Amino acid sequence: MSKIRVRELAKELGVENKELIDRCKELGFGDKGPSHGLENSEVDKLRKAFKPREEALPEDKQVVVEKKVTLDDREMSVEERRVKSTVIRRRTKEVEVKPQVVEPPKPVIVEMAPEAEVTAPVEAAPVPEIPPAPVAEEEKPKEEVKGKKKDKALKKAELLERKERVFKPVPTFRGKKRGARVALPAGAKKTEITVPKAIKRVIKISDVIQVAELAKRMGIKAGEVIKKLFSLGIMATINQAVDIDAASLVAHDFGYEVERVGMEVVEEMLEETPEVPEKMVLRPPVVTVMGHVDHGKTSLLDAIRQTDVAAGEAGGITQHIGAHHVKLERGDLVFLDTPGHEAFTAMRARGAQVTDFVILVVAADDGVMPQTVEALNHAKAAGVPIIVAVNKIDKPGANPDKVKQALSDHGLLAEDWGGDTIFVNVSAKQRTGIKELLEMIILQAEVMELKANPDKLAKGTIIEAKLDKGRGPVATVLVEEGTLKVGDPFVAGVHFGRIRAMIDDKGAKVEKAGPSMPVEVQGLPGVPLAGEKFIVVSDEKKAREIGTYRQMKLRETELSKSSKVSLEDLYNKIKEGEVKELGIIIKADVHGSVEALAESLQKLSTEAIKLKVLHGSVGAITETDVLLAAASNAIIIGFHVRPDAKVHSLAEQEGVDIRLYNIIYEVIDDVKKAMEGLLTPTLKEVVLGRAEIREVFSVPKIGNIGGCFITDGKITRVARVRLIRDGIVLHDGKMASLRRFKDDVKEVQSGYECGIGIENYNDIKTGDVIEAYIQEKVAAKL
């Protein structure tokens, strides 16, 4: 016999726990609690001690009670429970009563509580029959229902009562025999219960949902959902997202319905809310320093850092991130220390307009350089004010007026010359003019009245992001509005999470960051792109849904066709009103060709569309040109120049249309036909591969043969070839021979060496590039 607890034995004997515990002390069993276990010998002694109480009533007074279990049993007093337990235990005994003494037993019914609507089915007590013969000796009673079994029986009866009350109206009582009915007691009212209609189980999801989240909402194990997906032919893990169609099939099998909720509603929550003018406060301006590499941009930033009051007290600034905050007497400034105009263009291409104005650094001795003009074009395309800092005025050959004259040709006219552009002469080395430059910046900021609301959910832009070896993905965020706090849930592109820590530009940990304050954020699950919006949301669930939705949309976007402007579909976009202005970037071999093309193309502007030359320079097409075209939705026209393999790959990735010409009137004719909808291209050039000449061999009676290494693609014998030197096409013709070792071959793949001869052309040198291409006929686009 297993151990029995004190409370279970007390319930069996029909006594209180305290009374049984006191009896244990009297019998020398020690201090016992209601949950303590009792040995078999102790149980026997306690039962013998309480046995006289069970047989206190004489046999001729024993009665048979029909007991109805009601909901009020749980509220019975201790004395009532003791009587109830004693009566039920006596019913288990077989009692023999003398016929001349015992009268026919009458059923005793416990009155039903008025608030109880339904009672559970109970078993009618058996009526003992009167034997015809006299009783010999009293038989031993049958085996009693012990404590645990009796508790289970009572709990089962109560559960059956609840189930019957909720799911099935029971207007009558049922006897022990199935189907037998007995009349309701006198005074009892017949109560009918209407079963409520089944609740429709609906799961609301967007276009996608994670397997774990779907299983959680249905209240089943994730393994069951994964099995069902496998049976549908979808191999998914617990953290993988499935579309709404797959989720609907799985939910239907488990008795649920899926209701689609558009994510546009959630995306609208991320949009800007109307600002309250009373809560708007002034914020520091964000300044980006641009210019030529050797014109003292870094030296100027160092000189500005030394004017920082806090840095002077602390002994200098330790630059940890790509932006820093400078405190001055008249106000604060935030400088973006970007690597150059390439990063600035990449940010603008993704819609990031975090810069309030640009400082264009120009050296007084060198004047305006090609990269200066390029940086100027980037700033103009961004549509921000420009302040020109003429640096190195302390050098002997400095000529600030020459810089003003050169920049006036590009649309920047100084204030003292009647224009509206601020020019400041500075010397980063001698620390002269720095104070005037900062005053001009603050003055420009006061005129612009830059304000933001700090009392709202934060919103900012990612300046740069990287994968740190010890801290994981980290991102530099420039807060635009609101206050960023540690622990806020956020969404950054396709990534979502919760901010774990923030570090300012001095390297110190901060708990919050206000508008125009740059901080380094930790807690990202991956490395986001530079220029992505960093948005704080109300809860992490919403961040997860938006991030998952954007990841699905990103996959669809990668598979979809690009929507960049090309000459073929230019007319359709003009007709539909999508294009009002066509940007063009011109790259040519000589500066005269750039000017001639720019002047001729600008004359083609009409009322429907305006042609605008965003940038024009001499040299090969570079990655910067592709990024500028992608940001401005422009077309690149190459005149006697070619892009290399890396630039060509980037153009395909960004969807930028690059047109290459050798005759100027073909450029004008194609653009004019594209605007009028008459462009019908029939030939398409396909570049097969490129080879670099590493050695030149002179063969008698044949000419020069280039010993080449195939850098990318393949070279075929039937392809036409171009000889490119420093990005400029020197010759376009047919291939005379293609050999590998001593054998003529039809093609040579990338990574192998070969010998290439060009028909009727011998002016080849080491380092030249041979490009093989073919022309395919394509159908005209409508």
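Our structure's up above, just so we're on the same page.
Worth saying up front: this structure is predicted, and the values here are computed from it rather than measured. (Residues numbered from 1 in each chain as written. Predicted model: local features only at pLDDT ≥ 70, side-chain atom pairs only at ≥ 80, totals over all residues. Heavy atoms only, no water.)

Undergrad: What is the right way to read the packing of helix H13 (residues 370-382) against helix H19 (residues 623-632) from this model?
TA: Each pair of packed helices can be summarised by the angle the axes make with each other and by the distance between the axes. Running from amino to carboxyl end, H13 crosses H19 at an angle of 15°, the nearest separation of the two axes being 11 Å. Between H13 and H19, the crossing angle belongs to the class labelled roughly parallel. Crossing of H13 over H19 shows left-handed handedness. Each of Glu374, His378 and Ala381 in H13 lies in contact with H19, whose residues at this interface are Thr624, Asp625, Leu628 and Ser632. Residues of the contact of H13 with H19, tallied by class, amount to 2 nonpolar, 3 polar and 2 charged. (Axes fitted to C-alpha atoms, helices over the stretch in contact; angles between N-to-C directions. Helix = DSSP H or I, 4+ residues; strand = E, 2+ residues; numbered from the N terminus. Parallel < 35°, antiparallel > 145°, perpendicular 65-115°, else oblique. Left-handed = near helix turned anticlockwise from the far one by under 90°. Contact = heavy atoms within 4.5 Å. Nonpolar A, V, L, I, M, F, W, Y, C, P; charged D, E, K, R; others polar.)

Undergrad: Teacher, can you tell me more about the environment of Gly755 here?
TA: If you trace the backbone, Gly755 turns up in strand E37 (residues 753-758). Sequence separation between Gly755 and Phe741 is 14 residues; the distance between their C-alpha atoms is 7.8 Å.

Undergrad: Honestly, the sheet that holds strand E27 (residues 581-588) in this entry has me stumped. Any pointers?
TA: Adjacent strands of a sheet form backbone hydrogen bonds with each other and so pair up, either parallel or antiparallel. One open sheet holds the 4 strands; their spatial order is E28-E27-E29-E30, and the pairing between them is parallel. The open sheet is flanked by strand E28 (610-618) and strand E30 (658-661), the only strands paired with a single partner. Across the sheet, the mean angle separating the axes of adjacent strands is 25° when strand polarity is ignored. Where E27 lies against E28, 8 bridges are found, and the strand directions are parallel. Paired with Glu581 across the bridge in E28 is Lys610. Strands in contact with helix H18 (residues 591-602) are E27, E28 and strand E29 (634-639); relative to E28, the strand with the most contacts, it is inclined by about 180°. (Pairing = 2+ DSSP bridges.)

Undergrad: Would you take a moment to explain the sheet that holds strand E20 (residues 489-492) for this structure?
TA: On the basis of which strands lie adjacent, the open sheet formed by 8 strands has the order E21-E20-E26-E17-E18-E25-E22-E23 and antiparallel pairing. Each edge of the sheet is formed by a strand with only one pairing partner; in this case those strands are strand E21 (495-498) and strand E23 (509-510).

Undergrad: Which parts of the structure should I look at to understand helix H20 (residues 645-654)?
TA: Count 3.6 residues to each turn of an α-helix, and residues three or four apart come out pointing the same way. Of all the residues in H20, the buried ones are Val647, Leu650 and Ala651. Seen end-on, H20 carries its buried residues on one side only, within an arc spanning 100°. Exposed positions of H20 whose direction lies more than 90 degrees from the buried face are Glu652 and Gln653. Those residues of H20 hidden inside the fold are in contact with H19 and E30. Looking one or two residues past H20, Gly655 carries a phi angle of roughly 75°, positive in sign. (Buried < 20%, exposed > 50% of the residue type's maximum accessible area, 1.4 Å probe, protein only. Arc of directions from axis to C-beta.)

Undergrad: What is the right way to look at the pairing of strand E15 (residues 422-425) in this model?
TA: A regular strand carries its side chains on alternate faces of the sheet. Pairing analysis gives 4 bridges linking strand E14 (residues 386-391) to E15, with the strands arranged parallel. Note that in E15 the partner of Ile387 across the bridge is Ile422. Since E14 and E15 lie parallel, the crossover through helix H14 (residues 400-408) that links them has a hand, and here it is right-handed. (Right-handed = clockwise from strand over helix to strand, strands pointing away.)

Undergrad: Explanation requested: the packing of aromatic side chains in the structure shown.
TA: A ring pair, where both rings are aromatic, is described by two values, the distance of the centres and the angle of the planes. The final tally for this structure, using the stated rule, is 1 aromatic pair. Ring centres of Phe490 and Phe534 lie 4.7 Å apart, and the angle between their planes is 20°; this geometry places the pair in the stacked category. Of the two residues, Phe490 sits in strand E20 while Phe534 sits in strand E26 (residues 533-536), which places them 44 residues apart along the sequence. Exposure remark for Phe534: the relative accessible area of 1% places this residue in the buried category. One Lys or Arg, Arg23, reaches over the ring of Phe50 and ends 4.8 Å from the middle of that ring. The residue whose ring lies beneath Arg201 is Tyr256, and the NZ or CZ to ring-centre distance is 4.3 Å. (Phe/Tyr/Trp six-rings, centres within 6.5 Å; stacked < 30°, edge-to-face > 60°. Lys NZ or Arg CZ within 6 Å of the ring centre and 35° of its normal.)

Undergrad: How should I be thinking about the nonpolar core in this particular structure?
TA: Judged by nonpolar contacts, the single largest core of 24 residues is most densely connected at Leu300, Leu333, Phe335, Ile359, Leu437, Leu438 and Ile441. It is helix H15 (residues 434-448) that contributes the most residues to this core, 5 residues altogether. (Core = buried A, V, L, I, M, F, W, Y, C linked by side-chain atoms within 4.5 Å.)

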